[in-house]
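# Summary of structural features
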Amino acid sequence: MSATEPPPAAVAAPALAGARIGVITFPGTLDDRDASRAVRLAGAEAVSLWHGDESLQDVDAVVLPGGFSYGDYLRAGAISRFAPAMAAVVDAANGGMPVLGICNGFQVLTEAHLLPGSMVKNDHLHFVCREQSLVVENARTAWTNEFRRGQQITIPLKNQDGQFVADERTLDELEGEGRVVFRYDGWNPNGSRRDIAGITNDRGNVVGLMPHPEHAVEAGFGPASAEGPRAGVDGLTFFTSVLSSLVHA
């Protein structure tokens, strides 16, 4: 199989044909093209959305990709929260549309109050970039239903404001309601409370995480795996999961 061909897991079932997943670009977004490629490898149509537009163009799901929206001049994600496109995202998410926030997208989701808590500087105050092992804690969300609970996956991580914080009451609620979706495994790279790497809302349609699944979707370009160096494609399951959830919605 050539590096340009999707791995077998990326072949979409016929019932998924026509699914449209929007990827929003903000000023400073870095990973929108990678996210769009992940969508296509999963078998859906990637629809480019602009932060200044009020319409989501009738997409079935939305991805808020990583980067440094608006340069993070005020606080990571704080300005993006007021972009015209985000008003539509909030309404759609509250109506049940699947929304995935990756890294800066996770920060935006907390600022928009679609997810609780906040993201602050890494506890060591340095940018970190590494292949990160995660444990899947919740395999029932729109973006994780093709994983297994307890499954260990490897996803690239790159952030400076990646420390997830919340008060103890909120953390207890997330734990008690099964809304912790991913936990850092082996080493907590940013000091996030209770090793939390990703969470979901109570409905399970909105998920945010700091690691980057869109960088682990194509053999030859992902992290190391049991299949060999750069062979990891654990991230692709996020995108096939949402297509599965749309079929069964």
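It should be noted that the structure appears before, not after, this text.
It should be emphasised that the depicted structure is a prediction, and the values quoted were computed from it without experimental measurement.

Cut-offs used in this document
- Residues numbered from 1 in each chain as written.
- Predicted model: local features only at pLDDT ≥ 70, side-chain atom pairs only at ≥ 80, totals over all residues.
- Heavy atoms only, no water.
- Helix = DSSP H or I, 4+ residues; strand = E, 2+ residues; numbered from the N terminus.
- Rg over C-alpha atoms; globule rule 2.2 N^0.38 Å.
- Buried < 20%, exposed > 50% of the residue type's maximum accessible area, 1.4 Å probe, protein only.
- Contact = heavy atoms within 4.5 Å.
- Areas by Shrake-Rupley, 256 points an atom, 1.4 Å probe, with all protein chains shown as cover.
- Lys, Arg positive; Asp, Glu negative; His and termini not counted.
- Charge placed at Lys NZ, Arg CZ, Asp CG, Glu CD.
- Phe/Tyr/Trp six-rings, centres within 6.5 Å; stacked < 30°, edge-to-face > 60°.
- Lys NZ or Arg CZ within 6 Å of the ring centre and 35° of its normal.
- Core = buried A, V, L, I, M, F, W, Y, C linked by side-chain atoms within 4.5 Å.
- Salt bridge = Lys/Arg side-chain N within 4 Å of Asp/Glu carboxyl O.
- Polar contact = N/O pair within 3.5 Å; in protein donor to acceptor, adjacent residues only side chain to side chain.
- Pairing = 2+ DSSP bridges.
- Axes fitted to C-alpha atoms, helices over the stretch in contact; angles between N-to-C directions.

### A look at the overall build of the protein
Regarding its fold elements, the protein presents five helices and eleven strands. Taken over C-alpha atoms, the radius of gyration comes to 16 Å for the protein, in line with the 18 Å a tight globule of 249 residues would show. Each principal axis of the C-alpha atoms in the protein carries an extent, and together these give about 45 × 40 × 35 Å. The 249 residues of the protein split such that 57% are buried. By sequence separation, contacts in the protein at least 24 residues apart represent 73% of the contacts at least 6 residues apart. Of the accessible surface of the protein, which amounts to about 10,600 Å², a share of 51% is contributed by carbon and sulfur atoms. Between the mean site of the 19 positive side-chain charges and the mean site of the 30 negative ones, the protein shows a separation of 2 Å.

### Some details on the packing of aromatic side chains
The tally for this structure, following the rule as stated, stands at five aromatic pairs. Taking 5.3 Å as the distance between ring centres and 75° as the angle between the ring planes, the aromatic pair formed by Phe147 and Phe238 counts as edge-to-face. Residue Phe147 is found in the loop between strand S6 (128–136) and strand S7 (152–159), and its partner Phe238 is found in helix H5 (residues 236–247); the two are separated by 91 residues along the sequence. Phe238 sits in the buried class, given a relative accessible area of 0%. Counting every residue linked through ring pairs, the aromatic cluster contains Phe147, Phe182 and Phe238. Seen from the ring of Phe82, Arg81 lies directly overhead, with NZ or CZ sitting 5.1 Å from the centre.

### Description of the nonpolar core
Ranked by internal contacts, the top residues of the largest apolar core, which has 71 residues, are Leu56, Val62, Trp143, Phe164, Phe182 and Phe239. A total of seven residues in this core trace back to one element, the largest contributor, which is helix H2 (residues 84–94).

### So, the pattern of salt bridges
Under the counting rule described, the total for this entry stands at twelve salt bridges. Measuring nitrogen to oxygen at the nearest pair gives 3.4 Å for the salt bridge that ties Arg20 to Glu45. With Arg20 in strand S1 (residues 20–25) and Glu45 in strand S2 (residues 45–50), this pair connects stretches of sequence that are 25 residues apart. Glu45 gets classed as partly exposed once you look at its relative accessible area, which sits at 41%. A salt bridge links Glu173 to Arg169, with the shortest nitrogen-to-oxygen separation between them at 3.6 Å. Of this pair, Glu173 and Arg169 are both found in helix H4 (residues 168–176), four residues apart, which corresponds to roughly one turn of the helix.

### Section: the side chain of Ser133
Along the chain, Ser133 falls in strand S6. A distance of 3.3 Å separates polar atoms of two side chains, one belonging to Ser133 and the other to Gln152. Separated by 3.0 Å, the side chains of Ser133 and Asp185 make a polar contact. The residues contacting Ser133, other than those within four sequence positions of it, are Gln152, Ile153, Thr154, Arg183, Tyr184 and Asp185.

### What about unusual backbone geometry?
The phi dihedral of Cys103 is positive, around 55°, even though this residue is not glycine. Among the secondary structure elements, Cys103 is positioned in the loop between strand S4 (99–102) and helix H3 (104–111). What makes Cys103 buried here is its relative accessible area of 7%. Even without a glycine there, the phi angle at Leu125 is positive, about 65°. In this structure, Leu125 sits in the loop between strand S5 (118–120) and S6. Residue Leu125 is classed as exposed on the basis of its relative accessible area, which comes to 63%.

### Things to note about the sheet that holds strand S3 (residues 61–64)
Spatially, S2-S1-S3-S4-S11-S10-S9-S6-S7 is the arrangement adopted by the nine strands of the open sheet, whose pairing is mixed. The sheet is open, and its two borders are formed by S2 and S7, each paired with just one other strand. Each strand axis lies, on average, 25° off the axis of its neighbour in the sheet, ignoring direction. When strand S10 (residues 196–200) meets strand S11 (residues 206–209), the two strands line up antiparallel, connected through three bridges. Bridged to Thr200 within S11 is Val207. Where helix H1 (residues 32–42) meets the sheet, it contacts S1, S2 and S3, and its direction lies at approximately 175° from that of S1.

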